[in-house]
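Residue strings, one per chain:
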Amino acid sequence: INAEYGEIEGLKANSSQKEEIVVNLNELPSETEERLKQELNLVKKEKDTNQRLLLNLQKNVRDLEVAKNRAETERNTLQKEKQDLLDKNADLKAKLDETARELRKFKRIAENATLELQKAGPRAPSSAPSQPVLVSLDQTLGSNTTSQAKQTEASTSSFYYNDIDPKDLKLLNETLTKIVENKEADMNSEKLLELIKKDSGRRVFTYLLNEKLPCTIELKQSCFESISTFIVHALDTMHISNGADYISAKILLETSYLLSSKSADGKARFISDDIRGHYLWLNLRFWEEYFWDTISKDFRKALKGVNDPEEQQKKQKEFITANLKTFGRSRGNVKRRNKCK
């Protein structure tokens, strides 16, 4: 910028000298008048040229000032971003240090506990078991729990409990069997209602219900009302934060489309109609888990053979978006099984 100003001053001085020549033109001899007029014209042209150069130089100076201000602004912005990154790094380092201290603390606790156990030596065998003995569901109900149980991938022999009276389980199994066979039975007896207050009781109930319903069954009104009320009681006692209750709620949602009864106007009424307004279905966590359970197999198939990270991310976004639209439109409308013959 200083160099540009220096050039401007030089042009001004040169222009002033040539103006003095013009002023003294009349004092020169007449024989040189023609020649001087030609030189004067040249001087005027050069003056005009210098004037244009001066304007261009002034414009360049202004542009340089603007560029300088812009560069200064960008430098300040970069410095601020740099300081923000340094502050974030400092926060992360502090959190990492805190985590490392906690890990060292837990490590010392574990080491001290190990030393205490080593000092204590092996424990003497106890004459009585410290925990209730796990009993198989098959052992309680018999090997032929239901005719459909043999066809399932997960055998009832893999289902164990340790806090339920075997008599209550047998009562539950017999009552359910009567209900699905359209025989009179009371699903809402005091013993059965107490049974589903336990996590293991709800698990057994939903498991047996699913086993006994390979297809859609039409019940007479009394049986339908009995099991509908019992299912509502079961839903009332569930907590979705409990993983086992999530599985039980999922089974009840799906089986609710398999039990129906004819209403007074001759239309089919399903258990799903009775439980549709239950507050449990307002839990967003349930639907998140149910959504991932529903699409997990297809999700793995959609990404099979895709190794490029960018392509995987694109496929994931497309797949989840498409399935969210479908799931949102059909939420709760679980596909029904065929009607029993």
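Basis of the calculations
Residues numbered from 1 in each chain as written. Predicted model: local features only at pLDDT ≥ 70, side-chain atom pairs only at ≥ 80, totals over all residues. Heavy atoms only, no water. Core = buried A, V, L, I, M, F, W, Y, C linked by side-chain atoms within 4.5 Å. Buried < 20%, exposed > 50% of the residue type's maximum accessible area, 1.4 Å probe, protein only. Helix = DSSP H or I, 4+ residues; strand = E, 2+ residues; numbered from the N terminus. Contact = heavy atoms within 4.5 Å. Pairing = 2+ DSSP bridges. Axes fitted to C-alpha atoms, helices over the stretch in contact; angles between N-to-C directions. Phe/Tyr/Trp six-rings, centres within 6.5 Å; stacked < 30°, edge-to-face > 60°. Polar contact = N/O pair within 3.5 Å; in protein donor to acceptor, adjacent residues only side chain to side chain. Expected span 1.5 Å × (residues − 1). Patch = residues over 30% accessible without salt bridge, like charges linked within 9 Å, V, L, I, M, F, W, Y side chains within 5 Å. Areas by Shrake-Rupley, 256 points an atom, 1.4 Å probe, with all protein chains shown as cover. Salt bridge = Lys/Arg side-chain N within 4 Å of Asp/Glu carboxyl O.

Colleague: Describe the nonpolar core, listing the residues and the values that go with them.
Modeller: Membership of the largest hydrophobic core comes to 42 residues, with the highest contact counts inside it found for Leu172, Phe205, Leu209, Ile227, Ile231, Trp281 and Phe286. Of all elements in the fold, only helix H4 (166-180), helix H5 (190-195), helix H6 (199-211), helix H7 (221-236), helix H8 (243-255), helix H9 (271-275) and helix H10 (284-303) reach the threshold of two or more residues within this core. A total of seven residues in this core trace back to one element, the largest contributor, which is H7. Apart from residues lying up to four places away in sequence, isoleucine 227 is in contact with Leu176, Ile179, Met187, Leu209, Leu219, Leu259 and Ile271.

Colleague: Tell me about unusual backbone geometry, residues and numbers included.
Modeller: If you check the backbone angles, asparagine 182 has positive phi at about 65° while not being a glycine. Summarising the element assignment, asparagine 182 is placed in the loop between H4 and H5. We classify asparagine 182 as partly exposed; its relative accessible area is 27%.

Colleague: Tell me about the pairing of strand S4 (residues 259-262), and please be specific about residues and values.
Modeller: Pairing between strand S3 (residues 217-218) and S4: two bridges, direction parallel. Bridge assignment links isoleucine 217 to a residue of S4, and that residue is leucine 259. Bridge count between S4 and strand S5 (residues 268-270): three bridges; the pairing is antiparallel. Residue pairing across strands places serine 261 opposite arginine 269, the latter belonging to S5. Hairpin connection of S4 to S5: five residues between the antiparallel strands, including glycine 266 at a positive phi of 90°.

Colleague: Tell me what's going on with the sheet that holds S3, and back it up with residues and numbers.
Modeller: In spatial order, the strands read S3-S4-S5; together these three strands make up an open sheet with mixed pairing. If you trace the sheet from one side to the other, it starts and ends with S3 and S5, each paired once. Here H7 sits on the sheet and contacts S4 and S5; the angle it forms with S4, its principal contact strand, is near 140°.

Colleague: An account of the packing of aromatic side chains is needed here, citing residue identities and associated values.
Modeller: The geometry of an aromatic ring pair comes down to the distance between the two centres and the angle between the two planes. Tallied over the entire structure, the rule returns eight aromatic pairs. Relative to tryptophan 287, the ring of tryptophan 281 has its centre 6.4 Å away and its plane inclined at 55°; by these criteria the two rings are tilted. With respect to burial, tryptophan 281 and tryptophan 287 carry one shared label: buried. Through successive ring pairs, a cluster of aromatic residues spans Tyr246, Trp281, Phe286, Trp287 and Tyr290.

Colleague: So what's going on with the environment of threonine 237? Residues and values would help.
Modeller: As for its placement among the helices and strands, threonine 237 is situated in the loop between H7 and H8. When its relative accessible area of 22% is taken as the criterion, threonine 237 is described as partly exposed. Taking the C-alpha atoms as reference, threonine 237 lies 8.8 Å from aspartate 199; in sequence the two are 38 residues apart. In this structure threonine 237 touches Ile196, Lys197, Arg202 and Asp245, once residues within four positions along its chain are discounted. Only 3.3 Å separates the side chain of threonine 237 from the backbone oxygen of isoleucine 196, close enough to count as a polar contact.

Colleague: Would you mind going over H8 in detail, with residue names and values included?
Modeller: Taking 1.5 Å of rise per residue, the 13 residues of H8 would be expected to cover 18 Å, and the 19 Å separating its terminal C-alpha atoms lies within 8% of that figure. Along H8, the residues that are buried comprise Ala244, Asp245, Tyr246, Ser248, Ala249, Ile251, Leu252, Leu253 and Thr255. Taken together, the buried residues of H8 touch H6, H7, S4, H9 and H10.

Colleague: Tell me about a nonpolar patch on the surface, and name the residues and values.
Modeller: Residues Ile1, Tyr5 and Leu64 make up a contiguous nonpolar surface patch of about 270 Å² in total accessible area. The partly exposed category is assigned to leucine 64, whose relative accessible area is 40%.

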